[in-house]
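# Survey of secondary and tertiary structure
In case you want the letters, here they are:
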Amino acid sequence: MFFEVDVERRVGDAMVACRFSAPDGLTMLFGPSGAGKTSTLNMIAGLLTPERGRIVVNGRTLFDSASGVNLPPERRGAGYVFQEPRLFPHLRVRANLLYGARGAGEELDRLTDVLGIGHLLARWPRTLSGGEARRVAIARALLSLPGFLLLDEPLSSLDRPRREEIMTVIERVRDDLRLPILMVTHDHGEAERLATRIVEI
Amino acid sequence: MLSAEEWGIVTLSLKVSGVAILCSLPLAFALAWLLARRDFPGKVVLDGIIHLPLVLPPVVTGWMLLLAFAPQGPLGALLIDLFGGTVLFRWTGAAISAAVMALPLMVRAMRISIAAVDTRLESAARTLGAGPWRVFRTITLPLSLPGLIAGAVLGFARALGEFGATITFVSNIPGETQTLPLAIYSKLQVPGSDAAILRLAGISVLLALAALIASEMLTRRAGRGLHVL
């Protein structure tokens, strides 16, 4: 199994407990708002520390409360696309894309092509539309050459044509780049269309 | 126009304040970061100690500096051991008292701007492979730059006006520790110096105003391209 996750943590007043294992491909974490989907992604990315549990991705232990393993976020190899784009406001789009970039420059050209953001490189993030910012955020995460992708409601707050656009992008990442994806949604249609496997929380 | 003596007073003031702010800037920013971003036991006490010079009578702050930096005092003895010298009655001592008095204002301005940096941007940077130090350098520092600059300029203006702690700590020695406010005070004791006082007071106003305007302009420039997640 590519993802083996078993975590528990109190978040506010609620107890978030999540346990699943999933193969590569696109795994959908599906459930109502407030069920702890985002918290689970944060724990896998290393931004939130579980009280108890174990996270293994592709055979690599990222967290294990029993043996005291807890890799910092920068060493987990997660490409995280947050619910908000979280572009760095003081950097132009190009610098945002290159922030975590590893590897050669062709990668940038190829990805900006695939995502159709080549014409935005010199812009400031605040001048981008919602769909543009989302695509830049996805490209930025991909350019860090992650071992897997975490997508938190990547289609929320977009109009229908933009949703279609981003969904196509996600399908290409899944099928062409063959990058394992863990995606959070509360929308049944999205889950049905994109997922190779659905985990209900 | 200014006499040579008055020019000397102005340049000494600028030197004392400039050195005071440049040297205390890293400490002020580190303290501001600590107070904005970390919880630790004794945080309230540290906060209180930093702010003490703001509420204490300046003469008390000056007296405490005098105790600390006297040759038998803890810091004074250390300086003699390390450098074989003292800051008492020297312009360096004036810079120390200016820095201590300016520190709370600097820390306040910087703390607010650090707290305003969205930690979600910092965690995004972490997931992109940046370690804590790189995140600080490339995200936290540039995004809090307006506050850093505003704090430094505010501190500089405060240091220019520093009087009570300085005169208590390093006395009022022309050419060494006699900054603008101390010089004005001295001239007030001498009948018939109204013209000189007017010039020095005018320069104080001009310098303070220039500092505030510079701070405003720099803040705006640093703020370009910011806002909106």
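Residues numbered from 1 in each chain as written. Chains lettered and ligands numbered in written order. Predicted model: local features only at pLDDT ≥ 70, side-chain atom pairs only at ≥ 80, totals over all residues. Heavy atoms only, no water.

## Brief notes about the interface of chain B and chain A
Listed by partner, the interface residues are 23 residues for chain B and 21 residues for chain A. Carbon and sulfur atoms make up 65% of the area that chain B and chain A hide from each other, which totals about 2,000 Å². When the shortest N-O distance is used, the salt bridge between Glu-84 of chain A and Arg-120 of chain B registers 3.6 Å. Viewed at the interface, chain A and chain B are joined by six residue pairs in polar contact (both at pLDDT 80 or more). Where the side of chain B that touches chain A is concerned, the elements lending two or more residues are helix H6 (119-127) and helix H7 (132-143) of chain B. Class assignment for the residues of the side of chain B that touches chain A results in 13 nonpolar, seven polar and three charged. (Contact = heavy atoms within 4.5 Å. Buried area = accessible area lost by both parts, 1.4 Å probe. Salt bridge = Lys/Arg side-chain N within 4 Å of Asp/Glu carboxyl O. Polar contact = N/O pair within 3.5 Å; in protein donor to acceptor, adjacent residues only side chain to side chain. Helix = DSSP H or I, 4+ residues; strand = E, 2+ residues; numbered from the N terminus. Nonpolar A, V, L, I, M, F, W, Y, C, P; charged D, E, K, R; others polar.)

## With respect to helix H5 (residues 160-175) of chain A
All names here are of chain A. Look at H5: 22 Å from first C-alpha to last across 16 residues, which is about the 22 Å you get at 1.5 Å a residue. Buried within H5 are the following residues: Ile-166, Met-167, Val-169, Ile-170, Glu-171, Val-173 and Arg-174. On its buried face, H5 is in contact with strand E3 (26-30), helix H3 (106-115), helix H4 (130-143), strand E8 (148-152), strand E9 (181-185) and helix H6 (188-194). (Expected span 1.5 Å × (residues − 1). Buried < 20%, exposed > 50% of the residue type's maximum accessible area, 1.4 Å probe, protein only.)

## Looking at the sheet that holds strand E7 (residues 78-81) of chain A
Residue and element names in this part refer to chain A. Read from one edge to the other, the open sheet built from five strands follows the order E7-E8-E9-E3-E10, with strand pairing classed as parallel. Strands with a single pairing partner mark the edges of an open sheet, and in this sheet they are E7 and strand E10 (197-200). For this sheet the average axis-to-axis angle between neighbouring strands, irrespective of direction, equals 20 degrees. Relative to E9, E8 is paired through four bridges, and the arrangement is parallel. (Pairing = 2+ DSSP bridges. Axes fitted to C-alpha atoms, helices over the stretch in contact; angles between N-to-C directions.)

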